[in-house]
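Descriptive structure summary
Listed below are the residues making up each chain.
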There are 2 protein chains.
Amino acid sequence: MNDTAKLSYPGSRRVYIPGRLHPDVQVPMREVVLSDTLLPDGTTHPNDPVRIYDCSGPWGDGAYEGSAEQGLPALRAAWIRSRGDVREVGAEKGPCLQAAGENPVTQRHYALNGLITPEMEFVAIRENLGREQAFKAVYDRYPNEKSRPDEAGEILDALTVMPRPSELEAAEGFGPSSMVARDRLDHQHAPERRRGCRMPAYFTPEFVRDEIAAGRALIPANINHPECEPMAIGRNFLVKINANIGNSALGSSIEEEVEKLRWAIHWGADTVMDLSTGKNIHATREWILRNSPVPIGTVPIYQALEKVGGKVADLGWDIFRDTLLEQARQGVDYVTVHAALLLRFVNHTARRMTGIVSRGGSIMAQWSMIHEQENFLYTHWDEICSILAAYDIAVSIGDGLRPGSVADANDFAQLAELEIQGDLTMRAWRAGVQVMNEGPGHVPMHLIAENMNKQLEWCMEAPFYTLGPLVTDIAPGYDHITGAIGGAIIGQRGCAMLCYVTRKEHLGLPDREDVREGVVTYKLAAHAADLAKGHPSAQWRDNALAQARFEFRWEDQFNLSLDPQKARSYHDLTLPHANAKKA
Amino acid sequence: MNDTAKLSYPGSRRVYIPGRLHPDVQVPMREVVLSDTLLPDGTTHPNDPVRIYDCSGPWGDGAYEGSAEQGLPALRAAWIRSRGDVREVGAEKGPCLQAAGENPVTQRHYALNGLITPEMEFVAIRENLGREQAFKAVYDRYPNEKSRPDEAGEILDALTVMPRPSELEAAEGFGPSSMVARDRLDHQHAPERRRGCRMPAYFTPEFVRDEIAAGRALIPANINHPECEPMAIGRNFLVKINANIGNSALGSSIEEEVEKLRWAIHWGADTVMDLSTGKNIHATREWILRNSPVPIGTVPIYQALEKVGGKVADLGWDIFRDTLLEQARQGVDYVTVHAALLLRFVNHTARRMTGIVSRGGSIMAQWSMIHEQENFLYTHWDEICSILAAYDIAVSIGDGLRPGSVADANDFAQLAELEIQGDLTMRAWRAGVQVMNEGPGHVPMHLIAENMNKQLEWCMEAPFYTLGPLVTDIAPGYDHITGAIGGAIIGQRGCAMLCYVTRKEHLGLPDREDVREGVVTYKLAAHAADLAKGHPSAQWRDNALAQARFEFRWEDQFNLSLDPQKARSYHDLTLPHANAKKA
């Protein structure tokens, strides 16, 4: 674990969980070691360590000694080549891999053909967190299934059977007899039954495969980004969060960009979008990709626009295709493509409060208006998909007409685009491409459900990926919070990934503290949604922290929290003595 | 406007709206003056000022020159005496008012008797915000109703008719013909239809009276707190927020306590609970009451416990009654009484993760266990109510068994107490007392609805007043956010008031910046709920701010926000030039 990690996460150690189907799969987790409980009779009782999902990759492993110059180890290189469907080509900017034949080389294609890839097993283990360990403990202790005591059976039941609906909801009235023990770490509330979610009690590689085959989940993992640790975006998995990075016009060095990436994943960003602009866009992205253990997303139209000197009128299919290929060969894992914004929708933004606020949307709307032609991303969709399929880039279909204010939420322009996103989703799936759909934006709370429900229906349950949504416009300076409220609500309803906003949203560029505050805020919103969806690994951490709090194990409370350093510093301000932290 | 106000809210001025039924009613509002819109042809278009709900009382009026030593003007003194039902008595600590006869002197009693008090008209005007002004503008311009043009009729319709269900929801499919103009400041989304809310399109004094008579709302306003500006807590009004203040054991001066009050209401706290402890508890409260334009709440059992030297066993009815009378005569507007925690519920907390976490609940549970007797607040409920009725103190029935962790949410102990809160509500109403019910606490998102629904049913729609709820336990240091997520959700469902938590919750005592961050965070959560409930005055401010943002009127965007100073400073950090703020 590096210095930042040590400082931020005291009491933690890195562990790796091996795969069973694919023994070279090694899933990293952070394990928080807890102190003993002091019992009333003066004896102590040990507390098991708690395993936490860890996005930081080798950078979070104390034993790792690499540098940004070297880049990360190519974790997936052998997996990718062993499938025998890729070949090395000498691309303009160095050799890279692409599909050797006509077939897609995507996780979707493999899933549809019944394969369980190492990537899928990696994801299954990752989503189970400590449950894997708890299982193993029972099996190690009672290898003979027949002589297993009842107690062991109860533990296995708790691990594999979804919690039954709460005793209170089930009963006619309610009464003391319906009381269940809440003081067990494996207690978990029964989840809500919502259309969007069908959470399993235990994640198996088969489950991951089936979700990907159904299009309900994706694993963004370009064959040219072997450094990437597989993760799933889908409503029946943990809610994920994305952080944006990017150099500003005023310039920031490449090293700074890599450090921004490390900082975002250190706090828990599951994916990172690189929105860099300017001259060094290719080199910056190269550094980011070679040092990123999380999937990297981009918006290729931004770079295409750079190539034509910022003149929207000069954009066109050829430049876009070349840019997409360039990024494909570099290893970008997912791309936002604003292909669903049709020319005929543009005039329906005329009576909006805030017009078109998406940068990509604004570019494509301008281009269509200038040339009086249909959006070239729409007319070239099938060609885009065949490029994506040859590198396993996932597509995130953009919502160029997302509302930029509460007033514009769920209007005709927005929903018309969503309907086209659905058509494009189906066509991308047919080409073997992994797909998600981008969503708003600014939406008051009571209009969030409509967004989620229409997306589920029109886009056939493809994962939804929203920005916020921000539930009011009146709190600039606090928009990480207005976005976290909307994010938690739409996450609960099945939104698969939340794009963070920082407190500088609408105002300026975020600094390191803004990124930290933003990522942690979205982590807590995503976790709140996981609890409500009934993700089987979610409540354990709450339980462990609550128990530590109740027993005045302050250090454990801090160490189990999303931001131990901040929790500790707030405590130390008013109660700075060490003895105020114990018992 | 004092210096703090000038600094925090530039571009604002204080205005007063007079009553019609009661001409001496003068409702304060803050009016944000906007700059002109620059039109494409180079001409300009003026923008009307926006009126904002203002909790700061005389302290927010630049013309006010009083000091904390003097105390605020006794705004309500004449109203209270003119009802002819109170008499002055020489209480131990100075003269005060109490009911002259047997009848309650409560707003509930007046409402049930069909009276519209000045307090009720004050509330109606306050909740209408700028709508009052918009009305007046139409009537002033077209005094003759018959010669009124269509345009005027449309404005009046927009002001008085609830928005129709969104065109998109109503239509079979959706199409361009269903597009409505979103670029008007009076555009408001149709509200959700929920059991908890029946929002009127325009607030009349009659509506306020009827809500109070039905028990769905209250106006906490002790006859001995004439400085209090009336405000309503009820699900068909703006969602309110409460901030707690209180000296710590380590001590803070009385002046500091008054300043804490002013700071909290400056940012928008609708009520303040004084949780002070220690020797100067009476004097501290006196200073706070005499300087508070917002209702002050307390938890009298805390002071009662001080009187018996902190020994729970020594508590009893007599000491509690004396304490309650002392606070009644001083002018406390509402009191939390943990009367619904029955002895038989206590052992149902044994298998909880975090036991009993409410301080008042813990005191009463201990007392009951020690004496093996029923909670004396329960057994003396009718006597408590007759004291409350004689001063118009509202009662906030405490939830002593609220969950202290996600694990303990909605368990038997909690819900059993809620059911008794319902019984006590009915009995308090019969005594003429205004009532609300306190609620949790720590609740995962999907269990929030059950809290709200059972409270509506069991407590017969009496206003609900919750602490958070906090939707996860894993984010100490960010619990203002976990609480704001739960608060927005339960506010949307009809919770009438949210008790804020600061980011220091569970960790330490909040400082000024924590209070500011906490109040603003809860303001935005409450406002998000107001938008979703369809409060008719809510969306205007979002629209005005979004329009300013779209037109690059930066100063207007800052000045319309909840925390203009912070928004401006975040902007200035990266784009510090004045010309970056205009156009």
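Scroll up for the structure.
Below: a short report on this structure. Being a predicted model, the structure only gives us computed values, none of them experimental.

Focus: the nonpolar core
Ranked by size, the top nonpolar core spans 301 residues in total, and within it Trp381 and Ile485 of chain A together with Leu315, Trp381 and Ile485 of chain B carry the most contacts. In this view, Leu315 of chain B contacts Ile301, Ala304, Leu305, Val308, Ile363, Trp367 and Phe376 of chain B; residues no more than four positions away in its chain are not counted.

Some details on the sheet that holds strand β17 (residues 497-499) of chain A
All names here are of chain A. Around the barrel, eight strands lie side by side as β10-β11-β12-β13-β14-β15-β16-β17; this closed barrel has parallel pairing. Put simply, the sheet's adjacent strands are angled 25 degrees from each other on average, direction ignored. Bridge count between strand β10 (residues 240-245) and strand β11 (residues 271-274): four bridges; the pairing is parallel. Counterpart to Asn244 in the pairing with β11 is Met273. The strands touched by helix α9 (residues 254-267) are β10, β11 and β12 (296-298); relative to β10, the strand with the most contacts, the crossing angle is about 160 degrees.

Notes on the packing of aromatic side chains
Per the counting criterion, the structure on display carries 22 aromatic pairs over all chains. Between Phe207 of chain A and Phe237 of chain A the ring centres are 5.7 Å apart and the planes differ by 55 degrees, which places this aromatic pair in the tilted class. Note that Phe207 of chain A is positioned in helix α8 (residues 205-213) and Phe237 of chain A in the loop between β9 (233-234) and β10, a separation of 30 residues in sequence. The pair formed by Phe207 of chain A and Phe237 of chain A is uniform in burial state, with each residue classed as buried. The ring of Tyr570 of chain B carries the charged tip of Lys504 of chain A above its face, separated from the ring centre by 5.3 Å. Here the guanidinium or amino end of Arg30 of chain B rests over the ring plane of Tyr9 of chain B, the centre of that ring lying 3.8 Å away.

Side note on the relation of the copies chain B and chain A
Copies of the same chain, two in number, are related to each other by a rotation about an axis and a translation along it. The two copies are related by a screw motion: chain B maps onto chain A through a turn of 180 degrees and a shift of 0.0 Å along the axis, at an RMSD of 0.0 Å. These values place the two chain copies in the arrangement generated by a two-fold rotation axis. Among all C-alpha atoms of chain B, that of Ile485 of chain B lies closest to the rotation axis, at 2.5 Å. The overlap is high: 99% of the interface residues of chain B also sit at the interface in chain A, so the same surface is used on both sides.

Considering helix α20 (residues 512-533) of chain B
All names here are of chain B. The end-to-end C-alpha distance of α20, which contains 22 residues, comes to 31 Å, matching closely the 32 Å that a straight helix rising 1.5 Å per residue would cover. Most of α20 sits out of view: 20 of its 22 residues are buried. The opening residue of α20, the one whose side-chain oxygen lies 3.1 Å from the backbone nitrogen of Glu513, is Asp511. Directly after α20, the chain includes Gly534, whose backbone phi takes a positive value near 80 degrees.

Remarks on the sheet that holds strand β1 (residues 12-18) of chain A
All names here are of chain A. Strand order in this open sheet of three strands is β1-β2-β5, and the pairing throughout is antiparallel. On the outer flanks of this sheet lie β1 and β5 (50-53), each paired with one strand and no other. Averaged over all adjacent pairs, the angle separating strand axes in this sheet is 45 degrees, with direction ignored. Taken together, the four bridges between strand β2 (residues 26-32) and β5 define a ladder with antiparallel strand orientation. In the strand pairing of β5, Arg30 is matched with Ile52.

Some points on the interface of chain B and chain A
Facing the 97 residues of chain B at the interface are 97 residues of chain A. Where chain B abuts chain A, roughly 8200 Å² becomes buried across the two surfaces, and 69% of that area is made up of carbon and sulfur atoms. For chain B, the biggest contributors to the area lost against chain A are Met353, Ile474 and Tyr478 of chain B; these three give 10% of the whole. Two residues, Asp183 of chain A and Arg351 of chain B, come together in a salt bridge whose shortest N-O distance is 3.0 Å. At the boundary of chain B and chain A, one finds 26 residue pairs in polar contact (both at pLDDT 80 or more). Among the elements of the structure, α7 (167-170), α17 (412-430), α18 (448-458), α19 (479-492), α20, α21 (539-550), α22 (554-559) and α23 (564-574) of chain B are those that each provide at least two residues to the side of chain B that touches chain A. With 11 residues, α20 of chain B is the largest single contributor of residues to the side of chain B that touches chain A. Residue composition of the side of chain B that touches chain A, grouped by class: 49 nonpolar, 26 polar and 22 charged.

Description of the pairing of β2 of chain A
Residues and elements named next belong to chain A. For β2, a buried count of six out of seven residues is recorded, marking the element as mostly surrounded by other parts of the structure. Pairing of β1 with β2, which is carried by seven bridges, proceeds in the antiparallel orientation. Bridge pairing links Arg14 to Arg30 in β2.

A look at the pattern of salt bridges
Residues and elements named next belong to chain A. Enumeration according to the criterion identifies 70 salt bridges over all chains in this entry. In this structure, Glu127 engages Lys240 in a salt bridge whose closest nitrogen and oxygen atoms are separated by 2.7 Å. Here Glu127 is found in helix α4 (residues 118-128), whereas its partner Lys240 is found in strand β10, with 113 residues between them in sequence. The exposure class assigned to Glu127 is buried, which follows from its relative accessible area of 1%. Between Glu259 and Arg262 there is a salt bridge whose closest N-O contact spans 3.2 Å. With Glu259 and Arg262 both in helix α9, this residue pair falls three residues apart, about one helical turn. Residue Glu259 is classed as partly exposed on the basis of its relative accessible area, which comes to 26%. With relative accessibility at 25%, the residue Arg262 sits in the partly exposed group.

Focus: the packing of α9 of chain A against helix α10 (residues 281-290) of chain A
Residue and element names in this part refer to chain A. One way to put it is that α9 packs onto α10 with a least axis distance of 9 Å and a crossing angle of 40 degrees. On the basis of the axis angle, α9 is oblique to α10. Every pair of crossing elements has a handedness; the one defined by α9 and α10 is right-handed. Touching Ile254, Glu255, Glu257, Val258 and Leu261 of α9 are Ala283, Thr284, Trp287 and Ile288, all from α10. Of the residues contributing to the contact of α9 with α10, the split by class is six nonpolar, one polar and two charged.

Basis of the calculations
- Residues numbered from 1 in each chain as written.
- Chains lettered and ligands numbered in written order.
- Predicted model: local features only at pLDDT ≥ 70, side-chain atom pairs only at ≥ 80, totals over all residues.
- Heavy atoms only, no water.
- Core = buried A, V, L, I, M, F, W, Y, C linked by side-chain atoms within 4.5 Å.
- Buried < 20%, exposed > 50% of the residue type's maximum accessible area, 1.4 Å probe, protein only.
- Contact = heavy atoms within 4.5 Å.
- Pairing = 2+ DSSP bridges.
- Helix = DSSP H or I, 4+ residues; strand = E, 2+ residues; numbered from the N terminus.
- Axes fitted to C-alpha atoms, helices over the stretch in contact; angles between N-to-C directions.
- Phe/Tyr/Trp six-rings, centres within 6.5 Å; stacked < 30°, edge-to-face > 60°.
- Lys NZ or Arg CZ within 6 Å of the ring centre and 35° of its normal.
- Least-squares fit on C-alpha atoms with pLDDT ≥ 70 in both.
- Expected span 1.5 Å × (residues − 1).
- Polar contact = N/O pair within 3.5 Å; in protein donor to acceptor, adjacent residues only side chain to side chain.
- Buried area = accessible area lost by both parts, 1.4 Å probe.
- Salt bridge = Lys/Arg side-chain N within 4 Å of Asp/Glu carboxyl O.
- Nonpolar A, V, L, I, M, F, W, Y, C, P; charged D, E, K, R; others polar.
- Parallel < 35°, antiparallel > 145°, perpendicular 65-115°, else oblique.
- Left-handed = near helix turned anticlockwise from the far one by under 90°.

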